[in-house]
Amino acid sequence: MKKIGLFVLLLLLIVASIFVGVKDISLTQLFQWDSQQQLVLLTTRIPRTISLVIAGSTISISGLIMQHLTQNKFVSPSTAGTMDSARLGILVVMIFFPSAPLLFRSFIAFLFAFVGTLIFIYLTRFLPAKNQVMIPLIGVMFGNIIGSVATFFAYQFQLVQNMSSWLQGNFSTVMKGNYELLYLTIPLLIITYLFAYRFTVVGMGEDMATNLGLNYQRIQLFGLGIVALSSAVVLIMVGNIPFLGVIVPNLVSMRYGDHMKNTLAITAVGGSIFLLACDVLARVVIAPYEVPVSVVVGVLGSFIFIALLMRRKTA
């Protein structure tokens, strides 16, 4: 699909996201909405659509950064222990600082996500770099260990239900006034664009980056910081969205190449398109009830992920 086609598709899905739902809001009656329809539109539909666009682009870009930093196409925050580490940080806040403000929770989640990702990067140094499947497999196992620790303590403090319901990827609870922290990821996306060339060079390996005059370790830590902060914000605001950070950068790379500065905008748009489409599907599949969008993304994403693995194996 041409680039202009992607932007047109994004616009159509934005319109669908705004006008599809339990409460009927007709596009043909644009200037005849009653007060209740206007309230639904301004309080829930528009904030939900904005959060879908931001979260989709943020998760996809985070996956793209991780794949360049690790030189592995199947690494993302969800397959590197980043999300699970952030979840552990949120649990710590729920146990020791139950009345802490949202910014403090985000900061603790960011610290845990950053440390967890650093540990994963350290582990990858002992793995064969040419084995594309081994590294994300170790990342999934590492994340499961952290997730098991979090679940154990959640059981001990009777917080399993609170943590599970809060961190499940779901946009149905997004309303005006409780999603605005997602705007913090927009400057991070701008910074990512400014450093896109450096991330591309780092993706060529430490020797290449050093020969071109870049501080490999510093750029890698900087990129991991962006990923950890973005992942923590998205996790706190809308929960965990699986596979998105893996499949979208891979699909974009297959069509447009691996130069990060050239594919950054397309990856962001592609992530928003995929998440918007899954969310609209989640609203209509058993209407008037709604399926959590993480379930739809998980089902569709798993099939695409398996197809990418099989394609990599046969290539």
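Residues numbered from 1 in each chain as written. Predicted model: local features only at pLDDT ≥ 70, side-chain atom pairs only at ≥ 80, totals over all residues. Heavy atoms only, no water.

J.: Which parts of the structure should I look at to understand the overall build of the protein?
T.: Secondary structure summary: the protein contains 13 helices and zero strands in total. Secondary structure elements in the protein, listed N-terminal to C-terminal, are α-α-α-α-α-α-α-α-α-α-α-α-α. Classification of the 315 residues of the protein by burial places 50% in the buried group. Within the protein, counting contacts between residues at least 6 apart in sequence, those at least 24 apart form 77% of the total. By element, 68% of the accessible surface of the protein is carried by carbon and sulfur atoms, the whole surface being about 15400 Å². Charge separation in the protein, taken as the distance between the mean sites of 19 positive and 9 negative side-chain charges, equals 7 Å. (Helix = DSSP H or I, 4+ residues; strand = E, 2+ residues; numbered from the N terminus. Buried < 20%, exposed > 50% of the residue type's maximum accessible area, 1.4 Å probe, protein only. Contact = heavy atoms within 4.5 Å. Areas by Shrake-Rupley, 256 points an atom, 1.4 Å probe, with all protein chains shown as cover. Lys, Arg positive; Asp, Glu negative; His and termini not counted. Charge placed at Lys NZ, Arg CZ, Asp CG, Glu CD.)

J.: In this structure, what is going on with the UniProt feature "transmembrane region" (unreviewed entry) in the protein? I would like to understand it.
T.: Taken from the UniProt record, the annotation "transmembrane region" (unreviewed entry) applies to residues 45-67, 88-121, 133-155, 181-199, 219-252, 264-285 and 291-310. A helix fraction of 85% and a strand fraction of 0% characterise residues 219-252, whose end C-alpha atoms lie 23 Å from each other. Secondary structure over residues 264-285 splits into 95% helix and 0% strand, and the C-alpha atoms at its two ends are 32 Å apart. (UniProt positions renumbered as here; feature names shortened; annotations may be inferred.)

J.: How should helix 12 (residues 260-284) be read in this particular structure?
T.: Between its terminal C-alpha atoms helix 12 stretches 35 Å, which fits the 36 Å expected from 25 residues at 1.5 Å a residue. Burial analysis of helix 12 places 19 of its 25 residues in the buried class, which makes it a mostly covered element. (Expected span 1.5 Å × (residues − 1).)

J.: Please clarify how the pattern of salt bridges should be interpreted in this entry.
T.: Two side chains with opposite charge may pair up if their charged atoms get near one another. What the rule picks out here adds up to four salt bridges. Close ionic contact of Arg48 with Asp279 constitutes a salt bridge, the shortest N to O distance being 2.9 Å. Of this pair, Arg48 sits in helix 2 (residues 35-70) while Asp279 sits in helix 12, placing them 231 residues apart in sequence. Across this residue pair, the class does not change: Arg48 and Asp279 are buried. Ionic pairing is found between Asp84 and Arg87, a salt bridge with its closest N-O pair at 3.6 Å. One end of the pair, Asp84, and the other, Arg87, are both in helix 3 (residues 82-96), three residues apart, so they sit about a helical turn from each other. One network of salt bridges, with partners in common, ties together Arg48, Asp279, Arg283 and Glu290. (Salt bridge = Lys/Arg side-chain N within 4 Å of Asp/Glu carboxyl O.)

J.: Explain a nonpolar patch on the surface here, please?
T.: A cluster of nonpolar side chains, contributed by Leu281, Val284, Val285, Ile286, Tyr289, Val295, Val299, Leu300 and Phe303, occupies part of the molecular surface with about 840 Å² of accessible area. Put simply, the parts of the chain that give the nonpolar patch at least two residues each are helix 12 and helix 13 (293-314). The greatest single-element share of the nonpolar patch, amounting to four residues, is contributed by helix 13. With respect to the helices and strands, the residue Leu281 is situated in helix 12. (Patch = residues over 30% accessible without salt bridge, like charges linked within 9 Å, V, L, I, M, F, W, Y side chains within 5 Å.)

J.: It is not clear to me how helix 3 should be interpreted in this structure. Could you clarify?
T.: Note: α-helices contain 3.6 residues per turn, so residues at a spacing of three or four share the same orientation. Taking 1.5 Å per residue as the helical rise, helix 3 with its 15 residues ought to reach 21 Å, and the 21 Å between its terminal C-alpha atoms agrees with that figure. Listed as buried for helix 3 are Thr82, Met83, Asp84, Ser85, Ala86, Leu88, Gly89, Ile90, Leu91, Val93 and Met94.

J.: How should I be thinking about the side chain of Gln220 in this particular structure?
T.: On the secondary structure map, Gln220 appears in helix 10 (residues 216-238). Among the residues examined, Gln220 registers a relative accessible area of 5% and is labelled buried. The contacts of Gln220, once residues within four sequence positions are left out, are Leu69, Ile121 and Arg125.

J.: Even after reading the chapter, I still don't get the nonpolar core, so can you show me in this structure?
T.: The nonpolar side chains of a soluble globular protein tend to be buried, and buried together. Core analysis: the biggest nonpolar cluster contains 80 residues, and Phe171, Val238, Ile241 and Leu275 have the highest contact counts within it. Considering each element in turn, this core owes the most residues, 13 residues, to helix 10. (Core = buried A, V, L, I, M, F, W, Y, C linked by side-chain atoms within 4.5 Å.)

J.: Help me out: how do you make sense of unusual backbone geometry in this one?
T.: Most of the time, phi is negative for any residue but glycine, and the peptide bond is trans. The residue Gln158 is not glycine, and still its phi comes out positive at about 55°. Positionally, Gln158 belongs in the loop between helix 5 (134-156) and helix 6 (160-167). The exposure class of Gln158 is exposed, given its relative accessible area of 72%. If you check the backbone angles, Phe243 has positive phi at about 70° while not being a glycine. When you line up the elements, Phe243 lands in the loop between helix 10 and helix 11 (244-256). A residue is classified by how much of its surface remains accessible, and Phe243, at 24% relative accessible area, is partly exposed.

J.: It is not clear to me how the environment of Leu103 should be interpreted in this structure. Could you clarify?
T.: Inspection of the secondary structure assignment puts Leu103 in helix 4 (residues 102-124). C-alpha of Leu103 to C-alpha of Ile236: the two residues are 133 residues apart in sequence and 9.9 Å apart in space.

J.: What is the right way to look at the packing of helix 4 against helix 10 in this model?
T.: Each packed pair of helices is defined by two parameters, the angle between the axes and the distance between the axes. Between helix 4 and helix 10, the least distance of the axes is 8 Å, while the angle of their chain directions is 135°. Considering the angle they form, helix 4 stands oblique to helix 10. As helix 4 packs across helix 10, the resulting crossing turns out to be right-handed. Where helix 4 abuts helix 10, its residues Leu102, Arg105, Ser106, Ala109, Phe110, Ala113, Phe114, Thr117, Leu118 and Ile121 lie against Gln220, Leu221, Leu224, Gly225, Ala228, Leu229, Ala232, Ile236 and Met237. Its residues placed into classes, the contact of helix 4 with helix 10 shows 14 nonpolar, four polar and one charged. (Axes fitted to C-alpha atoms, helices over the stretch in contact; angles between N-to-C directions. Parallel < 35°, antiparallel > 145°, perpendicular 65-115°, else oblique. Left-handed = near helix turned anticlockwise from the far one by under 90°. Nonpolar A, V, L, I, M, F, W, Y, C, P; charged D, E, K, R; others polar.)

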